[in-house]
Amino acid sequence: MATIASSEPETAKAEDTKPRSFRLSPALISYLQATPLALILGAFLLLPILMITVVSFWDYDFAQMYPDFLSMNYAETLGSWVTWKTYLNTLKFALLVWAITLFVGFWVAYFLAFHIRTTAMQMVLFLVCTVPFLTSNIIRMISWIPVLGRNGLVNTTLINVGIVPEPIEWLLYSDFAVVLAMVHLYTLFMVTPIFNTLMRIDKSLVEAARDAGARSTQILTNVIIPLAKPGMAIGTIFVVTLVMADFSTVQVMSGGQSASVALMMKNQMSLLQYPAAAANAVVLLVLVLLMVAGILRIVDIRKEL
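Analysis parameters
Residues numbered from 1 in each chain as written. Predicted model: local features only at pLDDT ≥ 70, side-chain atom pairs only at ≥ 80, totals over all residues. Heavy atoms only, no water. UniProt positions renumbered as here; feature names shortened; annotations may be inferred. Helix = DSSP H or I, 4+ residues; strand = E, 2+ residues; numbered from the N terminus. Rg over C-alpha atoms; globule rule 2.2 N^0.38 Å. Contact = heavy atoms within 4.5 Å. Areas by Shrake-Rupley, 256 points an atom, 1.4 Å probe, with all protein chains shown as cover. Lys, Arg positive; Asp, Glu negative; His and termini not counted. Charge placed at Lys NZ, Arg CZ, Asp CG, Glu CD. Axes fitted to C-alpha atoms, helices over the stretch in contact; angles between N-to-C directions. Parallel < 35°, antiparallel > 145°, perpendicular 65-115°, else oblique. Left-handed = near helix turned anticlockwise from the far one by under 90°. Nonpolar A, V, L, I, M, F, W, Y, C, P; charged D, E, K, R; others polar. Buried < 20%, exposed > 50% of the residue type's maximum accessible area, 1.4 Å probe, protein only. Core = buried A, V, L, I, M, F, W, Y, C linked by side-chain atoms within 4.5 Å. Phe/Tyr/Trp six-rings, centres within 6.5 Å; stacked < 30°, edge-to-face > 60°. Lys NZ or Arg CZ within 6 Å of the ring centre and 35° of its normal.

- An unreviewed UniProt entry lists the chain under the name ABC spermidine/putrescine transporter, inner membrane subunit, from Neorhizobium galegae bv. orientalis str. HAMBI 540.
- The Sequence similarities (unreviewed entry) field of the UniProt record for the chain holds the comment "Belongs to the binding-protein-dependent transport system permease family. CysTW subfamily."

Structure representation (structure tokens):
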């Protein structure tokens, strides 16, 4: 007993002399893991936005900019009816393109998810949808000109068949051409998130609804569409932000007869009116963020992220 009692203090003393390993708290580890991404976002996202905001308050003339703190650029932007009309025209493009891409994108994704039985064929057909995106946006946009032009494929066919006596002028260099080209460019950004959401739907839910006597339209409206809302919301954010920032499609496909906020900013920068363009960029950013916030309030997309 005495031997055991004497050995216990020696064991405790030996344990005290062992070096203790240094452990970081879980909260500190989480911050360290998020630091690289925070630095990248800060350097390439937040800092440029901050610089644009600062420049939007500067003064300028035909030659250079002058650091200052003036509200003149915002007063000219928000106080001009031409600017408001341009913003309304941009919102019109965004609404039309969103509605068409949502309709087309949902049915394409629905066909791939529920009517193609094998996963391999689903992936093959989805990759087929991405083939046009192997070329640049400019080439895909310009490819509509020989199709929609006065002597293009559509007008020539309609005249030869006898449907119209003369070429249809509004097919090209019009708002119709702008919307058509944007739908062509951005539909895949709606198909992809919706397809991803539909693939996650448990097929047993559809079978249970069918066994309960639900018709196909009831299954679509009561089961599939509610579960597909997160994908629709993500696709909406993609399409709306891309349309609001597009200037090349509006410039080329409208023939200079239509305007958008992005095109207006491009023209301002070409005239060295950088503070005015920065003010328009800040207003457009706030508008887009409000639209995205409204979408996020309606639909919870966290389960898709």
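Now that the structure is up, let's keep going.
**Quick look at the overall build of the chain**
- Within the chain, the regular secondary structure consists of 15 helices and two strands.
- Against the globule reference of 19 Å for 305 residues, the chain gives a C-alpha radius of gyration of 29 Å, more extended than a compact globule.
- Seen through its C-alpha atoms, the chain measures out along the principal axes to roughly 120 × 70 × 35 Å.
- A separation threshold of at least 6 residues defines the contact pool for the chain, and within that pool the share at least 24 residues apart is 70%.
- Carbon and sulfur atoms provide 70% of the accessible area of the chain, an area that totals close to 19000 Å².
- Distance between charge centroids for the chain: 8 Å, based on 18 positive and 17 negative side chains.

**Considering the packing of helix 10 (residues 188-199) against helix 12 (residues 216-244)**
- Two numbers describe how helix 10 lies on helix 12: the axes approach to 8 Å, and their chain directions differ by 155°. Between helix 10 and helix 12, the angle falls in the class roughly antiparallel. Our pair here, helix 10 against helix 12, has a crossing hand that is right-handed. In this structure, helix 10 uses Phe189, Met190, Pro193, Ile194, Thr197 and Leu198 to contact helix 12, whose residues at the interface are Ile224, Leu227, Ala228, Pro230, Gly231, Met232, Ile234, Gly235, Thr236, Phe238, Val239 and Leu242.
- In terms of residue class, the contact of helix 10 with helix 12 is made up of 14 nonpolar, four polar and no charged.

**Re the side chain of Thr249**
- Along the chain, the position of Thr249 falls in helix 13 (residues 248-253).
- Judged by its relative accessible area of 1%, Thr249 falls in the buried class.
- Every residue in contact with Thr249, bar those within four places of it in the chain, is listed here: Met141, Val178, Ala181, Met182, Leu185 and Ser254.

**With respect to the nonpolar core**
- Formed by 67 residues in total, the largest nonpolar core has its most connected members in Phe106, Phe114, Met182, Ile194, Leu198, Ile224 and Val243.
- Only helix 4 (81-114), helix 9 (175-186), helix 10, helix 11 (203-211), helix 12, helix 13, helix 14 (261-270) and helix 15 (274-298) provide two or more residues apiece to this core.
- In terms of residue count, the dominant contributor to this core is helix 12 (13 residues).
- When neighbours within four sequence positions are excluded, Ile194 is seen to be in contact with Leu102, Gly105, Phe106, Ala109, Gly231 and Met232.

**Brief notes about the environment of Val54**
- Along the chain, Val54 falls in helix 2 (residues 26-55).
- A relative accessible area of 39% means that Val54 is categorised as partly exposed.
- As a C-alpha pair, Val54 and Phe247 span 193 residues in sequence and 24 Å in three-dimensional space.

**Comments concerning the UniProt feature "transmembrane region" (unreviewed entry) in the chain**
- Here the UniProt-annotated "transmembrane region" (unreviewed entry) positions come out as residues 28-58, 93-112, 124-145, 176-198, 219-245 and 274-299.
- A distance of 28 Å separates the end C-alpha atoms of residues 93-112, which is 100% helix and 0% strand.
- Between the C-alpha atoms that bound residues 274-299 the distance is 37 Å, and the span itself is 96% helix and 0% strand.

**Considerations on the environment of Ala113**
- Within the fold, Ala113 resides in helix 4.
- For Ala113, a relative accessible area of 4% gives the class buried.
- Each C-alpha atom, one on Ala113 and one on Arg200, is 9.4 Å from the other, the two residues being 87 residues apart in sequence.
- Apart from residues no more than four positions distant in its own chain, Ala113 is found in contact with Gln122, Phe195, Leu198, Met199 and Lys203.

**Quick word on the packing of aromatic side chains**
- Under the definition given, this model contains nine aromatic pairs.
- Counting every residue linked through ring pairs, the aromatic cluster contains Phe106, Trp107, Tyr110 and Phe114.
- Note that Lys203 overlies the ring of Phe114, its terminal NZ or CZ placed 5.2 Å from the centroid.

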